[in-house]
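Results of the structural survey
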Amino acid sequence: MSINATLLGQTIAFIIFVWCCMKFVWPPLMAAIEARQKKIADGLSSAERAKKDLDLAKANATDQLKEAKLQAAEIIEQANKRKAQIIDDAAVGAQTEREKILAQGRAELEAERHRAKEELRKQVAALAIAGAEKILARHIDQAANSDIVDKLVAEL
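Residues numbered from 1 in each chain as written. Predicted model: local features only at pLDDT ≥ 70, side-chain atom pairs only at ≥ 80, totals over all residues. Heavy atoms only, no water.

Here the focus is the state of the cysteines. Under the definition given, this model contains zero disulfides. Take C20: it sits in no disulfide, and the sulfur closest to it among the cysteines is that of C21, at 7.1 Å. The exposure class assigned to C20 is partly exposed, which follows from its relative accessible area of 28%. (Disulfide = S-S within 2.5 Å. Buried < 20%, exposed > 50% of the residue type's maximum accessible area, 1.4 Å probe, protein only.)

Take the pattern of salt bridges next. Proximity of charged atoms lets side chains of opposite charge pair with each other. A full pass over the atoms with the stated rule returns six salt bridges. The closest approach of N and O atoms between K38 and D42, which form a salt bridge, is 3.4 Å. Here K38 pairs with D42, and both are found in helix α1 (residues 2–138), just four residues apart, close to one helical turn. Judged by relative accessible area, which is 39%, D42 ranks as partly exposed. (Salt bridge = Lys/Arg side-chain N within 4 Å of Asp/Glu carboxyl O. Helix = DSSP H or I, 4+ residues; strand = E, 2+ residues; numbered from the N terminus.)

Here the focus is the packing of aromatic side chains. Within the structure shown, the criterion is met by one aromatic pair. Seen in terms of ring centroids, W19 and F24 are 6.5 Å apart; in terms of plane orientation they differ by 85°. Their pairing is edge-to-face. Of the residues examined, F24 reaches a relative accessible area of 54% and is grouped as exposed. (Phe/Tyr/Trp six-rings, centres within 6.5 Å; stacked < 30°, edge-to-face > 60°.)

UniProt records the feature "transmembrane region" (unreviewed entry) at residues 6–26, using the numbering of this structure. With 100% helix and 0% strand, residues 6–26 has its two end C-alpha atoms placed 27 Å apart. (UniProt positions renumbered as here; feature names shortened; annotations may be inferred.)

Structure, rendered in structure tokens:
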């Protein structure tokens with residue numbers, strides 16, 4: 001009986017050992033393993049969320065960059081339109097000023113021409129009177145001479 005008793009004692013000791021391990025060692029060990037598994041799962045979940053957040057942030061950054069480029073293009077377009085408008089306004093202003101200066105020049109030219117005509121009329125009238133006086137000095141026929149003088153004055 002000694003081998004059977006030893007074997008039985010060892011089996012009972014082993015069963016007690018397994019029971020003690022199952023009762024006192026196994027639950028904390030399983031809790032530690034489960035806690036570690038939960039920590040790993042949470043870490044993986046956090047990493048996945050972080051990856052999704054990063055992708056979302058990249059997409060937002062890309063969208064904002066596109067929007068900024070569109071706004072910049074719009075600002076440049078508005079600036080070009082404003083530049084063209086300023087150039088057109090300046091051209092219209094210059095054309096208006098040119099017309100004004102030309103009109104002034106024409107008016108001055110017309111006034112000078114009118115003064116010259118008046119001066120010529122005065123000189124022609126003086127010459128006509130001088131010619132009439134010479135004609136009158138040679139001919140005494142007053143009626144014929146006054147007709148000539150009237151024609152000259154009418155022509156002037």
